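# Structure assessment
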Amino acid sequence: MKLSPEAHEEVESFLKEYRGEPGLRLPRFSIHAGWGGRLVMAFVRMGAITLGRHVFVSPRLVRRDAQGKLRLAGWLVVHEAVHVLQYEESGFAGFLFRYLRGYCGALRRGRSLRAAARMAAYMEIAEECEARAAEHAYAERLKGEPAPELLR
């Protein structure tokens, strides 16, 4: 699936304003929420994960509206779109290196591998902090408006 052109433009426009980068271009990216999303999410045990220009989403996060159109929460689209931009800016290997370095460093500082320490380490990753800040700003901006529409 891809975001509808209108939803893509909405997310891109928000990110231009949010980041203060009028020339920002959000690349087209694919959202996998069918069997591919189910398979990847079963392996990583998360709600969504971005790998380059591919966003894998747990099917439980996708819903159909009254007209039968697929919907995904706008805050989640923005969060994952930030990761797409981070991959574009750092390159695939560069993004993964920085992301894992941040996670491993936070785990070392926490001195534990328990679930709570792993979650705390995840919450400290700079790339996740940036994506969460953008998702919160978007949710605040759109209060009461519908989520971006996904096309099949």
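Residues numbered from 1 in each chain as written. Predicted model: local features only at pLDDT ≥ 70, side-chain atom pairs only at ≥ 80, totals over all residues. Heavy atoms only, no water.

### Quick word on the overall build of the protein chain
For the record, the criterion: Only runs of H or I of at least four residues qualify as helices and only runs of E of at least two qualify as strands under DSSP, and these elements are numbered from the N terminus. C-alpha atoms define the radius of gyration in this analysis, and the globule rule sets the expected value at 2.2 Å times the number of residues to the power 0.38. Contacts are assigned to residue pairs with any non-hydrogen atoms lying within 4.5 Å of each other. Accessible areas in this description were obtained via Shrake-Rupley with a 1.4 Å probe; residue shielding takes into account the shown protein chains only.
Looking only at helices and strands, the protein chain features six helices and seven strands. Relative to the globule expectation of 15 Å for 152 residues, the C-alpha radius of gyration of the protein chain, 16 Å, shows essentially globular dimensions. Each principal axis of the C-alpha distribution contributes one length, and for the protein chain these read about 50 × 35 × 30 Å. Sequence-distant contacts in the protein chain: of pairs separated by 6 or more residues, those separated by 24 or more amount to 63%. With the model as given, the accessible surface of the protein chain reaches about 8800 Å², and the carbon-plus-sulfur share is 58%.

### Description of the layout of surface pockets
Counted only if it meets this: Detection works on a 1 Å grid of protein atoms alone, calling trapped sets that fit a 1.4 Å probe cavities and calling open sets with protein on both sides within 12 Å along at least five of seven lines pockets, with lining residues defined by an atom within 4 Å of a point. Grid points are joined across faces, edges and corners, and a volume is the space filled by probe spheres set on the points. Amino acid classes used here: Ala, Val, Leu, Ile, Met, Phe, Trp, Tyr, Cys and Pro are nonpolar; Asp, Glu, Lys and Arg are charged; the rest, including Gly, are polar.
What the largest pocket holds in volume is close to 800 Å³. Met46, Ala48, Ile49, Tyr99 and Tyr122 are, among the 29 residues lining the largest pocket, the residues nearest its centre. Contributing elements (two or more residues each) for the lining of the largest pocket: helix H2 (35-44), strand E3 (48-51), helix H3 (74-90), helix H4 (92-110), helix H5 (115-124) and helix H6 (126-141). Among the residues making up the lining of the largest pocket, the classes are represented as 19 nonpolar, four polar and six charged.

### Structural notes on the nonpolar core
Most often, soluble globular proteins have nonpolar side chains that are buried together. Going by this rule: Buried Ala, Val, Leu, Ile, Met, Phe, Trp, Tyr and Cys residues form a nonpolar core when they are joined through side-chain atoms within 4.5 Å. In this scheme, a residue with accessible area under 20% of its type's maximum is buried, one over 50% is exposed, and one in between is partly exposed, where area comes from a 1.4 Å probe on protein chains only.
The biggest cluster of nonpolar side chains holds 27 residues, and the ones touching the most others in it are Val11, Leu15, Phe29 and Val57. Those elements that place two or more of their residues in this core are helix H1 (5-19), strand E4 (54-57), strand E6 (70-72), H3 and H6.

### A short note on the environment of Glu124
Mapping Glu124 onto the fold places it in helix H5. Judged by relative accessible area, Glu124 falls into the partly exposed class, the value being 44%. Residue contacts for Glu124: discarding those within four places in its chain leaves Ala106, Arg109 and Cys129.

### Description of H4
Spelled out, the test is: Expected span, for any helix, means 1.5 Å times one less than how many residues it has.
When the terminal C-alpha atoms of H4 are compared, their 27 Å separation across 19 residues agrees well with the 27 Å that a helix rising 1.5 Å per residue should span. Among the residues of H4, Phe95, Tyr99, Gly105, Ala106 and Leu107 are the ones counted as buried. Each element contacted by the buried residues of H4 is listed here: H3, H5 and H6. Directly beyond the C-terminal end of H4, a positive phi value near 50 degrees is found at Arg111.

### With respect to the side chain of Thr50
Spelled out, the test is: Two N or O atoms count as a polar contact when they lie within 3.5 Å, although within protein this holds only if one can serve as hydrogen donor and the other as acceptor, and sequence-adjacent residues are included solely when both atoms are side-chain atoms.
The residue Thr50 is located in strand E3 in this model. For Thr50, the side chain forms a polar contact with the side chain of Glu80, separated by 2.4 Å. Setting aside residues no more than four positions away along its own chain, Thr50 makes contact with Val55, Glu80, His83, Val84 and Tyr87.

### Re empty space enclosed by the protein
Using the criterion set out here, one finds one cavity of 30 Å³ or more in the structure. Considering only enclosed or pocket space, the largest cavity measures out at about 30 Å³ in volume. Lining the largest cavity, in full, are Phe29, Ile31, Val55, Leu72, Leu76, Val77 and Glu80. Per-element accounting of the lining of the largest cavity gives the leading share, three residues, to H3. Looking at the lining of the largest cavity residue by residue, the classes come out as six nonpolar, no polar and one charged.

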